[in-house]
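The chain contents come next:
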Amino acid sequence: MLLPGTKRILLKLSGEVLMGDQDYGIDPAFVLELAKEVKAARDSGLEVCLVIGGGNIFRGMAGAAQGMDRAQADYMGMLATVMNALAMQSALEQLGVHTRVQSALQMDQVCEPVIRRRAERHLEKGRVVIFAAGVGAPYFTTDSGAALRAAEMKCDALLKGTSVDGVYDSDPKKNAQAKRFDTVTYDKVLADNLKVMDASAVALCRDNDIPIVVFSIREKGNVARVLAGEGVQTIVQKD
Ligand code: UDP
């Protein structure tokens with residue numbers, strides 16, 4: 001096992017991975033593949049919390065760059081994360097995995113509000129809990145939402161599934177010599193401004209001693225591989 005003693009994880013997926021090979025939106029077939037990975041983690045005995053971004057549909061910063069009011073655009077981004085959460089819930093239920101969506105923006109007709117004690121109960125019963133709408137406030141990202149829920153739910157690790165297989169000393173897409181860290185400290189990530197998660201998310205994980213495992217979600221079966229300690233990843237942790 002990658003992090004011995006891990007019982008509960010929070011898996012953060014950026015919205016972009018739900019697009020599959022499309023340029024925008026949700027590819028249900030691809031979401032189903034991701035759901036299989038989540039199911040495998042749950043079936044291995046872990047309690048699984050999920051946070052999904054919204055970048056495949058809308059990002060507040062992009063709206064603001066085009067002249068929209070930033071807070072208004074951020075609320076649209078939060079709504080996008082709820083759509084993604086519902087898509088993932090549907091895929092997980094197709095696989096027979098009981099799932100609850102809890103949103104930081106209340107919308108009673110579609111999902112539950114975030115209630116920590118209720119989320120605890122869901123996890124105890126083997127349900128996957130998807131936390132939507134980030135922290136429920138503009139000027140934040142779903143990375144911060146993921147760190148917040150990981151702390152609140154006392155997760156043993158935050159797994160960040162993204163398009164690169166870890167944290168590099170420079171951008172691997174621009175620099176062929178870029179080196180991947182196996183492990184790196186929170187403080188180095190913050191001091192060197194390494195691209196992992198935004199600073200508030202990293203600081204929250206540091207202050208609550210939650211390791212961040214950065215890995216590629218693009219390869220099939222990688223969640224299980226990484227959890228088993230057989231994958232490629234970077235662990236952000238204290239010294
Ligand atoms: N967002 C926000 N507050 C939050 C979480 C998200 O305002 O707590 C908005 C923000 O506009 C963000 C968008 O929702 O750009 C989508 O989330 P994010 O960019 O984190 O998605 P990802 O990059 O993970 O797909």
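These remarks concern the structure in this document. (Residues numbered from 1 in each chain as written. Predicted model: local features only at pLDDT ≥ 70, side-chain atom pairs only at ≥ 80, totals over all residues. Heavy atoms only, no water.)

Check the secondary structure of the protein chain and you find eight helices and nine strands. Its C-alpha radius of gyration of 17 Å places the protein chain within 12% of the 18 Å reference for a compact globule of 239 residues. Overall size of the protein chain, expressed as C-alpha extent along the three principal axes, is 50 × 45 × 35 Å. Looking at the protein chain as a whole, 50% of its 239 residues are labelled buried. In the protein chain, the share of contacts with a sequence separation of at least 24, taken over all contacts with a separation of at least 6, comes to 70%. Carbon and sulfur atoms make up 50% of the accessible area of the protein chain, which totals about 11,300 Å². (Helix = DSSP H or I, 4+ residues; strand = E, 2+ residues; numbered from the N terminus. Rg over C-alpha atoms; globule rule 2.2 N^0.38 Å. Buried < 20%, exposed > 50% of the residue type's maximum accessible area, 1.4 Å probe, protein only. Contact = heavy atoms within 4.5 Å. Areas by Shrake-Rupley, 256 points an atom, 1.4 Å probe, with all protein chains shown as cover.)

Let's shift gears to the pattern of salt bridges. Throughout the structure, instances matching the rule amount to 20 salt bridges. Between Asp-187 and Arg-206 there is a salt bridge, and its shortest N-O distance comes to 3.0 Å. Taken as a pair, Asp-187 in helix H6 (residues 186-191) and Arg-206 in helix H7 (residues 199-207) lie far apart in primary sequence, 19 residues in all. With relative accessibility at 47%, the residue Asp-187 sits in the partly exposed group. Its salt-bridge partner being Asp-192, residue Lys-188 comes within 2.7 Å of it at the nearest N-O pair. What makes Asp-192 partly exposed here is its relative accessible area of 41%. Through salt bridges with shared partners, a single ionic network connects Arg-8, Glu-47 and Glu-120. (Salt bridge = Lys/Arg side-chain N within 4 Å of Asp/Glu carboxyl O.)

Take helix H5 (residues 142-152) next. Burial within H5 is extensive, with eight of its eleven residues counted as buried. For H5, the complete set of buried residues consists of Thr-142, Asp-143, Ser-144, Gly-145, Ala-146, Ala-147, Arg-149 and Ala-150. Check the buried side of H5 and you find it contacts strand E1 (8-13), strand E2 (47-52), helix H3 (70-94), strand E5 (128-132), strand E6 (157-162) and H7.

Bringing the environment of Ile-210 into the picture now. Following the sequence through the fold, Ile-210 ends up in the loop between H7 and strand E8 (212-216). Taking the C-alpha atoms as reference, Ile-210 lies 18 Å from Phe-131; in sequence the two are 79 residues apart. Once residues within four sequence positions are removed from consideration, Ile-210 is found in contact with Ala-150, Ala-151, Cys-155, Ala-157, Leu-158, Tyr-186, Cys-205 and Val-236.

So, on to the sheet that holds strand E7 (residues 183-185). To summarise the sheet geometry, strands pair through backbone hydrogen bonds and adopt either a parallel or an antiparallel arrangement. Strand order in this open sheet of nine strands is E4-E3-E5-E2-E1-E6-E8-E9-E7, and the pairing throughout is mixed. The outermost strands of the open sheet, each flanked by one partner alone, are strand E4 (112-113) and E7. In the sheet, E2 pairs with E5 via three bridges, with the strands oriented parallel. Residue pairing for E5: Val-51 is matched across the bridge by Phe-131. (Pairing = 2+ DSSP bridges.)

Counting residues in hydrophobic clusters, the biggest one holds 39 residues, and the most contacted among them are Leu-13, Leu-50, Met-88, Leu-92, Val-128, Ile-130 and Leu-159. Breaking this core down by element, the ones donating at least two residues are E1, helix H1 (28-43), E2, H3, E5, E6, E8 and helix H8 (222-227). The element best represented in this core is H3, accounting for six residues. Leave out the neighbours within four places in its chain, and Ile-130 touches Leu-50, Ile-52, Ala-85, Met-88, Gln-89, Leu-92, Thr-99, Arg-100, Val-101 and Gln-102. Counting 28 residues, the second-largest nonpolar core is a separate cluster that includes Cys-49, Val-129, Ala-146 and Val-184. (Core = buried A, V, L, I, M, F, W, Y, C linked by side-chain atoms within 4.5 Å.)

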